[in-house]
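Residues per chain, in single letters:
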Amino acid sequence: MAIDMRQFHQTFFEESLEGLTVMEAELLHLERAACASGQDTVYADSEILNTIFRSAHSIKGGSSTFGFGDVAAFAHVLESRLDALRDRRSQPSQRVVGLLLLSVDCLRSLIVAAKTGKEADRNAIEAVRVQLEKLESENTALPVTGKTPTQVEALTTTHWHILFRPNPRMFHTGNDPLRILRELAGLGKLKTTADVSGLPSWEQLNPEECYLSWNVELVGSTAREAVADVFSWVLDDCCLEIAPKTMLAPTLSQRTVAEAVAFMDTNAGTLRVNVPKIDGLINTVGELVITQTMLSQIATNFSFDNLSRLFAGIAQLERNTRELQESVMRIRMLPLSFAFNRLPRLVHDMSQKLGKKVELIVHGEQTEIDKTVIDRLIDPLLHLVRNCLGHGIEPPAERIAAGKPETGIIELKAYQKGGNVAIEIRDDGRGMQHERIFAKAVERGLISAEAKLSPEEISEMIFLPGFSTAETVTDVSGRGVGMDIVRNNIRSLGGSVEIASQPGRGTCFIVRLPLTLAILDGLSVQVGIHTYILPLVSIVESVRIRPEQVSRPAGGAELYGLRKEYLPLLRLYELFRIEPRSADLTQGLLVIVEADGKKAGLYVDDLLGQQQVVIKSLATHYRKVEGISAATILGDGSVAMILDVTGLIRLAHSGAGHSVSNGSDAPPATVAASAAAPTIN
Amino acid sequence: METARVLDHRILPANEEQFLTFRLDGQEYGIAILKVQEIKGWDKMTPIPNSPPYVKGVLNLRGVIVPVFDLRLRFGLPEAARDAFTVIIVVNIGGRLAGIVVDAVSDVINIGAEQQCAAPAYEGQQNREFIKGLAQVDGKLLILLDIDRMVNPETLDKAEAAAPTAVAL
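For clarity, every value in this text was computed on a predicted model and none was experimentally measured. (Residues numbered from 1 in each chain as written. Chains lettered and ligands numbered in written order. Predicted model: local features only at pLDDT ≥ 70, side-chain atom pairs only at ≥ 80, totals over all residues.)

## Brief notes about the overall build of chain A
For step 1, the next point in the chain: Helix and strand content of chain A: 21 helices and 22 strands.
For step 2, the next point in the chain: Counting over 681 residues, chain A shows a buried share of 31%.
For step 3, the next point in the chain: Put simply, of all contacts in chain A between residues at least 6 apart along the chain, 69% involve residues at least 24 apart. (Helix = DSSP H or I, 4+ residues; strand = E, 2+ residues; numbered from the N terminus. Buried ≥ 20, exposed ≤ 12 C-beta atoms within 10 Å, placed from the backbone. Contact = placed C-beta atoms within 7 Å.)

Take a look at the structure:
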């Protein structure tokens, strides 16, 4: 029977990449321990080593099953290296940990290459592999320390004592001890003693469980790896001790791999939903069904006496629906740790490269947010942290001079606040240097040298396109393609970024994101007979229009003077060529909106109210429409368009609302305005 | 009665195709029935700003937002008042839904390959790209439409670029 293995590939890739993330995190743990102890060699916690080993092992197993030969080959080298560490044949030095981190990168690129069908950088990978192997031989050749002479022997011995105690459930995983013993027999002369003490009485015997264990003596010039390889498939399912003959009973009861599996972190996978969420969903649906039954009962013998029960039922239905909505949304929610766990590595690599000492502290990584948000949050987040490292944290000497501890701190804090998730990225570095930012902005021609700006306004300028103050362009920061993209990315998720900075004390970026992309907080506005939804995040305020504040410089586009600013006045009915209730500005309202740092006043007939709407893409069955980001369905079943403020401003600039008006359904444009409206910042 | 006819012809001869026919300004048109998802009555629609006149708007079809095109306007025919026969045919083209407004649906008929012929080319004919072929049914002319092209977003864009009311962006 041929099984199409390809159907499992996706799962394999996902699991392997997750495994690599785990390895990376644990290796960084090791390294941190090394730094803390100030020694070159680290006493590695066997739990950490086991975790790393397990990941490498499953990648090796999976990749050879699915025929990714080069992944398997590399994983094998890495695994034997880790095995040596695990068996305490060598202690991980910082150099080794660094090399292991590199190997994780290699494995990742190999897996990504296998996934995308592209070619990985063979030379780089080969170089790392050679180094790994060299490390191996170094350690084999060097007698490690005098303490454990058997370890050296272990590698050269020809007489192995193997204690093999399978888990009772071994058969369930499709493995058979007999096959393993047969394979062992192929390696040399075998003397097997079965331990039958675990056998229960006949009545209690379950034929599907394995009760036996074996003591095996293997004579033959076999490498330890070769012996261990035989067991590679069952490693997670047994208690295994391989020792040279000279060693008698194992001194320390090694924690078995299977035991350690229990410690595996229970983090949710890519979109693996944990059972409580599903249970919650099922409960809610159950309640919904009960409510529905109740309502239909009321409906069948309806009399006005039942009216109060009907209302109660409807209230219950409302609650059930809301709960159902929440449970369904929760399924898409993942903890932020998915985005955060990329950061320790970044901080580690970059702080080394920059010669800075940085500690990363993470709080609230269990805060949950929509999966789509997480996917698109990673890059902006990496960039912000990179920014803290590159610009914020000073080099150690400067820090000491400023009377601060040598090691800088970058703190990430995530928490939920209302319908939003806030992420604070705080460093204790030098803070924003307003004079430098100001000077740079003048140099770049972004502002004039005479401009008087508040510190907040200056801080805001780093979000302008093409702005970077780093003196030298490094691969860390300073390409000038930074913060504006961060802000745009976060805006496109419906969120916002703010900065708070204290000179000499540090900078704090606060990113606010909606919990989900599927639901939007909006304000419904009315223009003529149409209802539109304006996303709440883009609204600054709404004002009654004072006609004397409206001006049209040089017959151009209309401007509205609001306090000290002049904003382009966009008449929504003109942009959309629809019939307004009134073209008289005093009859309607001006909603001040902001997008991409541009403000504008949007003239609408009326505000209807705030509501949450479910976002439905227009492009699924139609296509994108300028000025419209999506559609939604209102309570009465009709469709309403969700306005896209960026698009509206663009639409106004292109003059589309005025240039043509010969369409049969378009009202005559009451105002002939020029195409280019001035941009006021 | 229509159902009965569909059932009669459930097993089609190899070279025959089933078409849903409808009327538009007195002329009969046909579209391949396999593309038709459902036929529904006139419903309230929300107009899409700055779209060509033939895009009537979008419709809430059980939670799915479906654009609706007025075929009369699409073909440059005079717009007609809605009556009891005006219907929206919802077509499904590779998962993409679209509604088309027609004067009335008529029938479901089988058309063999030998009954079909290519549309003749003549000067100044618009919308020819949407015509898949012509067929003679009971002595009357039936225009077979290529509905895929008509609701395809690329042709939409092209049409808009050509249309005078287009929004140049």
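## Digging into the overall build of chain B
For step 1, the next point in the chain: When its secondary structure is counted, chain B shows 4 helices and 11 strands.
For step 2, the next point in the chain: Per-residue burial over chain B gives 31% buried out of 169 residues.
For step 3, the next point in the chain: Put simply, 53% of the contacts in chain B that link residues at least 6 apart link residues at least 24 apart.

## Overview of the confidence of the model for chain A
Residue and element names in this part refer to chain A.
For step 1, the next point in the chain: Model confidence for chain A is summarised by a mean pLDDT of 75, while 81% of its residues fall at 70 or above.
For step 2, the next point in the chain: Per-residue pLDDT stays below 50 along residues 471-481; that stretch engages in 20 contacts with residues further than four places along the chain or on separate chains.
For step 3, the next point in the chain: When the criterion is pLDDT under 50, residues 656-681 qualifies, and its contacts beyond four places in sequence or with other chains add up to 52 contacts. (pLDDT = per-residue confidence, 0-100.)

## Some thoughts on the pairing of strand 2 (residues 27-32) of chain B
Residues and elements named next belong to chain B.
For step 1, the next point in the chain: The pairing of strand 1 (residues 16-24) with strand 2 spans 6 bridges and is classified as antiparallel. For Phe22, the partnering residue across the bridge sits in strand 2 and is Tyr29.
For step 2, the next point in the chain: The turn linking strand 1 back onto strand 2 is made up of 2 residues, and Asp25 within it adopts a positive phi angle of 50°.
For step 3, the next point in the chain: Bridge analysis of strand 2 against strand 11 (residues 140-145) gives 3 bridges, and the strand direction is parallel. Along strand 11, the bridge assignment pairs Gly30 with Leu144. (Pairing = 2+ DSSP bridges.)

## Some remarks on the sheet that holds strand 14 (residues 539-544) of chain A
Residue and element names in this part refer to chain A.
For step 1, the next point in the chain: Taken together, 6 strands build an open sheet; the order of strands is 14-18-19-17-16-15 and the sheet is mixed. Strands with a single pairing partner mark the edges of an open sheet, and in this sheet they are strand 14 and strand 15 (550-551).
For step 2, the next point in the chain: In this structure, strand 17 (residues 565-571) lies alongside strand 19 (residues 598-604), joined through 3 bridges in parallel fashion. Each bridged residue has a counterpart across the sheet, and for Leu570 the counterpart in strand 19 is Leu602.
For step 3, the next point in the chain: Along the sheet face, helix 20 (residues 645-654) touches strand 17, strand 18 (589-595) and strand 19 and points at about 105° away from the line of strand 18. (Axes fitted to C-alpha atoms, helices over the stretch in contact; angles between N-to-C directions.)

## Quick look at the packing of helix 14 (residues 371-392) of chain A against helix 18 (residues 483-492) of chain A
All names here are of chain A.
For step 1, the next point in the chain: Across the interface, helix 14 lies against helix 18 with an axial gap of 9 Å and an inter-helix angle of 150°. Viewed along their axes, helix 14 and helix 18 adopt a mutual orientation that is roughly antiparallel. The element helix 14 and its partner helix 18 pack so that their crossing is left-handed. Of the residues in helix 18, those touching helix 14 at Arg376, Asp379, Pro380, His383 and Leu384 are Val486, Asn489 and Ile490.
For step 2, the next point in the chain: For the contact of helix 14 with helix 18, the residue count by class is 4 nonpolar, 2 polar and 2 charged. (Parallel < 35°, antiparallel > 145°, perpendicular 65-115°, else oblique. Left-handed = near helix turned anticlockwise from the far one by under 90°. Nonpolar A, V, L, I, M, F, W, Y, C, P; charged D, E, K, R; others polar.)

## Points about the sheet that holds strand 2 of chain B
What holds strands together in a sheet is hydrogen bonding between their backbones, with the strands either parallel or antiparallel.
All names here are of chain B.
For step 1, the next point in the chain: In spatial order, the strands read 8-1-2-11-10-9; together these 6 strands make up an open sheet with mixed pairing. Of all the strands in the sheet, just strand 8 (104-112) and strand 9 (116-117) have a single pairing partner and so form its edges.
For step 2, the next point in the chain: One ladder, built from 8 bridges, connects strand 1 with strand 8; its direction is antiparallel. Note on strand 8: the bridge partner recorded for Thr21 is Asp107.

## A closer look at the nonpolar core
For step 1, the next point in the chain: Residues Leu602 of chain A together with Val58 of chain B are the most contacted members of the largest nonpolar core, which totals 77 residues.
For step 2, the next point in the chain: For Val58 of chain B, the residues in contact, after removing those within four places along its chain, are Tyr622, Ala631 and Val639 of chain A together with Met45, Thr46, Ile48, Ile65, Val66, Pro67 and Val68 of chain B.
For step 3, the next point in the chain: Core analysis: the second largest hydrophobic core is formed by 41 residues, Leu336, Ala339, Val385 and Leu513 of chain A among them. (Core = buried A, V, L, I, M, F, W, Y, C linked by C-beta atoms within 7 Å.)

## A few points about unusual backbone geometry
With the exception of glycine, the majority of residues adopt a negative phi angle, and the majority of peptide bonds are in the trans configuration.
Residue and element names in this part refer to chain B.
For step 1, the next point in the chain: Residues other than glycine seldom take positive phi values, yet Arg62 does so here, at roughly 50°.
For step 2, the next point in the chain: With respect to the helices, strands and loops of the structure, Arg62 is situated in the loop between strand 4 (55-61) and strand 5 (64-70).
For step 3, the next point in the chain: Positioned with a positive phi, Asp138 is a non-glycine residue whose angle comes to about 50°.
For step 4, the next point in the chain: Tracing the chain through its elements places Asp138 in the loop between strand 10 (131-137) and strand 11.

## Description of the packing of helix 3 (residues 69-86) of chain A against helix 4 (residues 94-116) of chain A
All names here are of chain A.
For step 1, the next point in the chain: Orientation of helix 3 relative to helix 4, taken along the N-to-C sense of each, is 165°, at an axis distance of 10 Å. Compared by their axis directions, helix 3 and helix 4 come out roughly antiparallel. At the point where helix 3 passes helix 4, the crossing takes the left-handed sense. Counting all contacts with helix 3, which are made through Asp70, Val71, Phe74, Ala75 and Leu78, the residues of helix 4 involved are Ser103, Cys106, Leu107, Leu110, Ile111 and Ala114.
For step 2, the next point in the chain: Within the contact of helix 3 with helix 4, the residues separate by chemical class into 9 nonpolar, 1 polar and 1 charged.

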